[in-house]
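Breakdown of the fold
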Amino acid sequence: MRIGKPPVPYHEIDIEGVPERHPVNAFHSHWATLAPNDRLPLRSQINPAEIAGTLPWMLVLEVLRYRKEPEFRYRLAGTGCTELFGVDYTGKMLGENLTPEGAEIRRKEFARVANTLEPVFSTTSLPIKTKDFITVHRGVFPVSLHGDTADQMFVIVAPKSTECAMRSPLSS
């Protein structure tokens, strides 16, 4: 028998629905400065020192295009994500340790971001059976290694009430 609130279903939101000091909004501000004129940011442009407050909440996934549909492998899982999920996803494939429904939602979401080259923002409960009482804001951001395709996804996931220190961009 379940006690407490039911899980919050996945639903997409506009960035305006994410508090300014939340890690998703903080990373979006940085990502947007690297994507002028609708260009895809290069991985080499992302300076960890400029986004230090978001790093614990970051997942970096590689886009693998070996089959008809892309697959996604976690390259990095921040410490906040590892504590939040109760598992370190580094090196795992998307879908491991997720509910089947949660994995399918993420596959579709990541494939759409890889194709449209536009970020997606959402609010949802964690798709982990023992953690589905935790509601998070999420942002999925496409990043390129060479400039023409989304080779990586930077995903920021943090509980709705999370705030992070924000840093002004470094002057050139």
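This section reports on the structure supplied with the text. Since the structure is predicted, the reported quantities are computational estimates derived from the model, not experimental observations. (Residues numbered from 1 in each chain as written. Predicted model: local features only at pLDDT ≥ 70, side-chain atom pairs only at ≥ 80, totals over all residues. Heavy atoms only, no water.)

Our focus in this paragraph is helix α1 (residues 23-33). Burial within α1 is extensive, with 8 of its 11 residues counted as buried. Residues of α1 that are buried: Pro-23, Val-24, Asn-25, Ala-26, Phe-27, His-28, His-30 and Trp-31. On its buried side, α1 packs onto β2 (58-64), β4 (120-125), β5 (135-143) and β6 (152-159). (Buried < 20%, exposed > 50% of the residue type's maximum accessible area, 1.4 Å probe, protein only. Helix = DSSP H or I, 4+ residues; strand = E, 2+ residues; numbered from the N terminus. Contact = heavy atoms within 4.5 Å.)

Across soluble globular proteins, nonpolar side chains have a tendency to be buried as a group. Within the largest apolar cluster, 47 residues are counted, with the highest numbers of intra-cluster contacts made by Leu-59, Phe-85, Met-153 and Val-157. Broken down by secondary-structure element, the contributors of at least two residues to this core are α1, β2, β3 (71-77), α2 (79-85), α3 (100-116), β4, β5 and β6. Sorting elements by how many residues they give to this core places β6 first, with 6 residues. Those residues in contact with Val-157 that lie beyond four places of it in its chain are Trp-57, Leu-59, Cys-81, Leu-84, Phe-85, Leu-126, Val-136, His-137 and Arg-138. (Core = buried A, V, L, I, M, F, W, Y, C linked by side-chain atoms within 4.5 Å.)

In this section: unusual backbone geometry. Trans is the prevailing form of peptide bonds, just as negative phi is the prevailing case for residues other than glycine. In this structure, Asn-97 takes a positive phi of about 70° despite not being glycine. Inspection of the secondary structure assignment puts Asn-97 in the loop between α2 and α3. Judged by relative accessible area, which is 44%, Asn-97 ranks as partly exposed. With a phi angle near 60°, Leu-117 is a residue other than glycine that sits in the positive phi range. Counting through the fold element by element, Leu-117 comes out in the loop between α3 and β4.

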